[in-house]
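Residues per chain, in single letters:
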Amino acid sequence: MQLLRVREAINMALDEELKRDDRVIILGEEVAQYDGAYKVTDGLLKKYTSKRVIDTPITEQGFAGIAIGAALAGLRPVCEFMTFNFSMQAIDQVINSAAKTFYMSAGLFNVPIVFRGPNGAALGVAAQHSQCFGAWYSHCPGLKVISPYSSEDFKGLLKAAIRDPDPVIFLENEILYGSEFVMSKEALSEDFVLPIGKAKIERRGKHITIVAHSKAVDTSLNAAKILARQGVEAEVISLRTLRPLDIDTVGKSVMKTNHLISVEEGWPQCGIGSEICARIMENEVFFHLDSPVVRVTGADVPMPYAKSLERASLPQPNDVVAAAKKVLGVK
C-alpha cells in the first residue's frame, strides 16, 4: 500500500506505456521541456527524448490533427489539452475525424488515440475555463469517455485508454491532481489495467444510491459521512466511465436502496444525470424506486469569477445531503 497523488499516478501510467510500447508518443503544449503545465509529464522528456515527448505550438486544431494522422499511420498518440476548454478549438478534429473514421471507413481504419487533460472547474479561472465536457463528448458515438476519481482509477484506466483501438477522451480534474489516494500493491504493478466501462462502488450503503464522477465523487463521499451521522447510509458509486455508461451497477444498487440521486459539476440540461434518469426510467429498475430521482448539478450559469459565487455555482456536500433528505422524505 502506498499513497500516491493523482498527477503521480497519471505520470506512472504514461511512463509504463511509453516503456511498454514504442508506438506511444505524447504531444501537446509544454508537455516536454516544461514537464507539463501541471507536471503530469514530469521527467518523461529526459527519459524518452523529444522523438516521443513532443512540445507543440499553441494550436489545438493543428496538433490534434497531427495526432490523429499519427494514429492512422500506426502510432498511439496521447494528445494533451492544457485544459479541455481549449479542446473546443479542435472539436472538429476530435468529432469529425477521430470519432467517425472507423465507421466511415467500414471498419478498415482504427484511430487509437487518447485526448487527455484537466476538465471542469478549477479555482478562480472564470467562465471560459470552467466547463465540464463529460456530457459534450459522451454524446458522440465513436468516442469512449473516461472520468476517474482516485489515483488507482486514473492509472489503470489511462493504461487501458492508451491500449484501446479507438479514440478515448480522458477527463482529469485540476483540483484532484494534488489529491493523495491509497494505491494497492496490485495497482503499483506495471501489469495493472482496469476495464473501460465499469463503475466502482466507493462506499457501501443501504438507504440511498449516490452516483457521481470525477471530483463530484469526493463531494458525494463527504455528504455520505454527514448523512451517516444522521442515521442514513448512502451507497456512493463512481461512474469512472461516462461512455460506455455502466447502468447495470447503478441499477443493482438502486434495487437494493430504492432511492437514487446523481451528482455532477456540469450544467443540468442534457447532463450525465439526465442520461442516468432516462436509463433508469427505461429499465425495469424504475419499478424499484420509492421516489423520483433527483439531480444535483452545477448552476445553470457561466462560471462566475468571484470566489463566493464560484462556490455557490458548484455542488457542495450540504447540497447533496439536502437532496438525499428530499428523496428519502426525512428532515
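All values derive from a computational prediction rather than experimental measurement.

## Regarding the packing of aromatic side chains
- Tallying each qualifying case throughout the model produces 10 aromatic pairs.
- Residues F133 and W136 carry aromatic rings whose centres are separated by 4.8 Å and whose planes lie at 50 degrees to one another, so their mutual orientation is tilted.
- Geometrically, the ring pair formed by F154 and F170 is edge-to-face, given 6.0 Å between the ring centres and 70 degrees between the ring planes. Of this pair, F154 sits in helix α7 (residues 151–163) while F170 sits in strand β7 (residues 168–172), and the two are 16 residues apart along the sequence. An identical accessibility class is assigned to F154 and F170; each is buried.
- What links up through ring pairs into an aromatic cluster is the set F63, F81, F84, F115, F133, W136 and Y137.
- The ring centre of Y34 lies 3.5 Å from the NZ or CZ of K39, which sits over that ring.

## With respect to helix α8 (residues 215–229)
- With 15 residues, α8 ought to run about 21 Å at 1.5 Å a step, and its terminal C-alpha atoms sit 22 Å apart, in line with that.
- Among all positions in α8, only K215, A216, V217, T219, S220, L221, A223, A224, I226 and L227 are buried.
- In this structure, the buried side of α8 is in contact with β9 (200–203), β10 (208–212), β11 (234–238), β13 (260–263) and α12 (317–328).
- G231 sits one or two residues past α8 and shows a positive phi near 85 degrees.

How each quantity is defined
Residues numbered from 1 in each chain as written. Predicted model: local features only at pLDDT ≥ 70, side-chain atom pairs only at ≥ 80, totals over all residues. Heavy atoms only, no water. Phe/Tyr/Trp six-rings, centres within 6.5 Å; stacked < 30°, edge-to-face > 60°. Helix = DSSP H or I, 4+ residues; strand = E, 2+ residues; numbered from the N terminus. Buried < 20%, exposed > 50% of the residue type's maximum accessible area, 1.4 Å probe, protein only. Lys NZ or Arg CZ within 6 Å of the ring centre and 35° of its normal. Expected span 1.5 Å × (residues − 1). Contact = heavy atoms within 4.5 Å.

It is worth stressing that arrangement in space is one thing and function is another; only the former is reported here.
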